[in-house]
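# Chain and residue survey
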Amino acid sequence: MSEHLPLLIELGTDELPVNALPGLARAFLDGVQGALSRRGVAFAEGARPLYTPRRLAVLLEDVATTQPEQASEVLGPYLNIALDAEGQPTRALQGFAQKAGVEWTALERTSDQKGERFVHRSVTPGAATRDLLQAVVDEAITAMPIPKPMRWGAHAHAFARPVHWLVALLGEDVVPASAFGITSDRMSRGHRFMHDKPVWIGGPGDYVDALRAAKVLVDPDERRDAIVEGVQAAASAGGGVARIDAGNLAQVECLVEWPVAVACSFETEFLAVPQEALVATMEANQKFFPVLDAEGRLTERFIGVANIVSRDEAEVRKGYERVIRPRFADAKFFFVEDMKQGLSAMNEGLATVTWQAKLGSVADKVARVARLAEALAPAAGVEPALARQAALLSKADLQSRMVNEFPELQGIAGRYYAIQDPALADLAHDDREALASALDEAWQPRGAGDAIAPSPLGRLLAVAERVDTLAGGFAAGLKPTGNKDPFALRRAALGLARTVIEGGMALDLPAALATAVAALPDAARPVDAAALAGELYDFVLDRLRGYYAERGVPAQHFSAVAALRPASLSDFDRRIEAIASFAKLPEAEALASADKRIRNILRKADDTVADEVDAALLVEPAEQALASAVEAAWAEAGPALDGGDYVAALARLARLRPEVDAFFDAVMVNAEDPALRNNRLALLQRLARRLGGVAELGQLSA
């Protein structure tokens, strides 16, 4: 039985690209594990990538020291080719046996669909794992996704960054291997500044502790925890709370080997600038952590994370404060100058900015969105005049200096400018607050996982903007194809659907899409506007398929509701919920199967099926009972359906199961008498329409 030992492979480099580092580490681990698995070498599962900016490491527990025995089976010629008429070996069989290294009489036989043939089977001892590791390392490195390979020195090697050392240990023994001209040993490297010397690794189990002693936290989870702990402690010491954005934290974790939190501050005068601009500068540009007060407002303090324990932390602090000051000064200048101009004045410049060649300028788009928002306002519970005014200002801040410098502040900057714009002084205070907030909310959801706009006016602008974007994008020939989506129309469709559904908006989506298509400029307006509006509705529904799948809604439930193409997506959502309740009923499966059977029967009917059932032609007790039960059920389910109580409607219709089962057991639908046959088809059609009032239940049947 093979012995098991831990395995360590470490690749030491110059500082690796921050954004690529986690992916490279994962690929290195996956590559080593995959190469071992392909060779049948067993190892313990559950390993995590280990890495710092200067190294990629794989640490596996319980790696088998040898391969299992290697069984081989080589198929030879069929008997009719291998043996002559006297049963003696032909040259073909003799050649096969010679190649296998055995006498032909030692070969075995096997059969397949073509007949019996010779086969050579052998078992060889497994190779030692240490002898396989060179190939394992080579395969793992070759499979790594290097974003921009670079060369160094006088050789042809290429990697993400120059490679300087290679550690390869199986148990306590160094495994002979090489990579990029470097021969393996047991000497790693410590922190570049605090322990700039080789680090002896006695065995894989010593690796993490040995590097920690050399001021390197090679475990990214440990390093991340140290950053969070240090940043939170530094912020708390000053009476604040650190804002630790997940994306920013991930970047900082890839920048340091030994994190040290440094508390810093800036001049309070900069707090007059929108805090989102300051936060964006600190996080995106400098990888600092802002400090907030108890109410979540930005303070004049921030935390930097150094990669060294400095003998003079004050100098580190000064450096961090010095590097952030020019960016803050620029933001303050932009904000002050934008405030002098005013939001309404910014709007005038939109006429000179092209939105899309066939769709006109940004000002043209804003005008279309304003008309659409005004038309949809009553359904959203918003005053039409306020909706129009807000929509007309919805892209004004794109002309601001602040957004030009900080594109991620679009909408956010508009909110600040609207609050203080003298041109909006005539608005009532509440309306002005609502308008200002809506300029920001119109961009929500900004990405996956982001919330929708919280206010009715914000949701209205978000919907109107996306409806126009979809209509214009499709009309201009920019519909997504494959992975290409230049106008981000998929994201617009999902944002539209989420806003309507999660906001409970009573929006007639096909009508809104048709209105948007009709408002397009002549250069983009399609010949068949109705067809384009229908295509847009289908596009939105297709985005909903993934939306509901992520919420755990079965595909059959979605298809059952989508078959009815409800005009309101909020109504669509209520039907989805009702189907989920219906599917739990004991009658659900049988009724779904019956509905599917009924629709198939009606689809195959040669003649046009009558709309009404002739009671005089109901001769069988089972069809009389079904007709009576359908009308009784509809008398109760119909009002519930009209009132949007789909759960109650389906629950009542589910009670039709006994009569439906009895009908199919006792009644021949395709009777020889045409009058009886057509009347029974009319009864089934009436039943199908009742059952399909909420969704096409037959879609639930496998």
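Residues numbered from 1 in each chain as written. Predicted model: local features only at pLDDT ≥ 70, side-chain atom pairs only at ≥ 80, totals over all residues. Heavy atoms only, no water.

What follows concerns the overall build of the protein chain. Within the protein chain, the regular secondary structure consists of 26 helices and 20 strands. Its C-alpha atoms give the protein chain a radius of gyration of 36 Å, clearly above 27 Å, the size a compact globule of 702 residues would have. Expressed as a percentage of its 702 residues, the buried residues of the protein chain come to 48%. Sequence separation of at least 24 residues holds for 67% of the intrachain contacts in the protein chain that already meet a minimum separation of 6. Here the protein chain contributes 74 positive and 96 negative side-chain charges, whose respective centroids are spaced 4 Å apart. (Helix = DSSP H or I, 4+ residues; strand = E, 2+ residues; numbered from the N terminus. Rg over C-alpha atoms; globule rule 2.2 N^0.38 Å. Buried < 20%, exposed > 50% of the residue type's maximum accessible area, 1.4 Å probe, protein only. Contact = heavy atoms within 4.5 Å. Lys, Arg positive; Asp, Glu negative; His and termini not counted. Charge placed at Lys NZ, Arg CZ, Asp CG, Glu CD.)

Turning to the pairing of strand β18 (residues 298-306), a few remarks are in order. Burial of β18 is extensive: 8 of the 9 residues sit out of reach of the surface. The sheet contact formed by strand β16 (residues 260-265) and β18 spans 6 bridges and is antiparallel. Each residue of the ladder has a partner; that of Cys264, found in β18, is Phe302. Relative to β18, strand β17 (residues 289-292) is paired through 3 bridges, and the arrangement is antiparallel. Bridged to Phe289 within β18 is Ile303. Between β17 and β18, which pair antiparallel one after the other, the connecting turn spans 5 residues, and Gly296 there sits at a positive phi close to 85°. (Pairing = 2+ DSSP bridges.)

With their axes 8 Å apart at the nearest point, helix α15 (residues 429-441) and helix α16 (residues 456-475) run at an angle of 40° to one another. Relative to α16, α15 is oriented oblique. Relative to α16, α15 is oriented so that their crossing is right-handed. Residues Ala434, Leu435, Ala438 and Glu441 of α15 pack against Leu457, Gly458, Leu461 and Ala462 of α16. Here the residues of the contact of α15 with α16 sort into 6 nonpolar, 1 polar and 1 charged. (Axes fitted to C-alpha atoms, helices over the stretch in contact; angles between N-to-C directions. Parallel < 35°, antiparallel > 145°, perpendicular 65-115°, else oblique. Left-handed = near helix turned anticlockwise from the far one by under 90°. Nonpolar A, V, L, I, M, F, W, Y, C, P; charged D, E, K, R; others polar.)

Ranked by size, the top nonpolar core spans 140 residues in total, and within it Met282, Met402, Leu435, Leu470, Leu544, Tyr548 and Leu569 carry the most contacts. Every residue in contact with Met402, bar those within four places of it in the chain, is listed here: Val273, Pro274, Ala277, Ala331, Phe334, Phe335, Asp338, Leu409, Ala413 and Tyr417. Listed in part, the 42 residues of the second largest apolar core include Val32, Ala35, Ala140 and Trp152. (Core = buried A, V, L, I, M, F, W, Y, C linked by side-chain atoms within 4.5 Å.)

Here we come to the pattern of salt bridges. Scanning all chains against the criterion turns up 51 salt bridges. When the shortest N-O distance is used, the salt bridge between Asp573 and Arg551 registers 3.5 Å. With a gap of 22 residues between them, Asp573 in helix α21 (residues 569-583) and Arg551 in the loop between α19 (529-550) and α20 (555-562) connect regions that are remote in the sequence. Judged by relative accessible area, Asp573 falls into the buried class, the value being 10%. Judged by relative accessible area, Arg551 falls into the partly exposed class, the value being 43%. Put simply, Asp611 and Arg689 hold a salt bridge, and the shortest N to O gap is 3.5 Å. Placement of Asp611 in the loop between α22 (588-604) and α23 (621-642) and of Arg689 in helix α26 (residues 674-691) is noted, with a sequence separation of 78 residues between them. You can call Asp611 partly exposed: its relative accessible area is 47%. (Salt bridge = Lys/Arg side-chain N within 4 Å of Asp/Glu carboxyl O.)

What follows covers unusual backbone geometry. Each neighbour pair has its own omega, and for Gln444 with Pro445 the value is -5°, a cis peptide bond. Looking at where Pro445 falls in the secondary structure, it is placed in the loop between α15 and α16. In this structure, Ala488 is a non-glycine residue whose phi angle is positive, near 50°. In this structure, Ala488 sits in the loop between α16 and α17 (489-502). Its identity as a non-glycine residue notwithstanding, Arg565 has a phi of 50°, on the positive side. With respect to the secondary-structure elements, Arg565 resides in the loop between α20 and α21.

A separate point is the environment of Leu392. Positionally, Leu392 belongs in helix α12 (residues 384-392). When the C-alpha positions of Leu392 and Asp571 are compared, they lie 30 Å apart, and in sequence the two are 179 residues distant. Filtering out sequence-adjacent residues up to four positions away, Leu392 remains in contact with Asn347, Val366 and Ala370.

In this section: the packing of helix α1 (residues 21-38) against helix α4 (residues 129-142). The geometry of α1 relative to α4 is characterised by a closest axis approach of 8 Å and an angle of 135° between their N-to-C directions. The angle between α1 and α4 falls in the class oblique. Crossing hand, α1 versus α4: right-handed. From α1, Phe28, Gly31, Val32, Ala35, Leu36 and Arg38 reach across to α4, where they touch Leu133, Val136, Glu139, Ala140 and Ile141. Among the residues forming the contact of α1 with α4, the class breakdown is 8 nonpolar, 1 polar and 2 charged.

So far we have only geometry, and geometry alone does not tell us how the molecule works.
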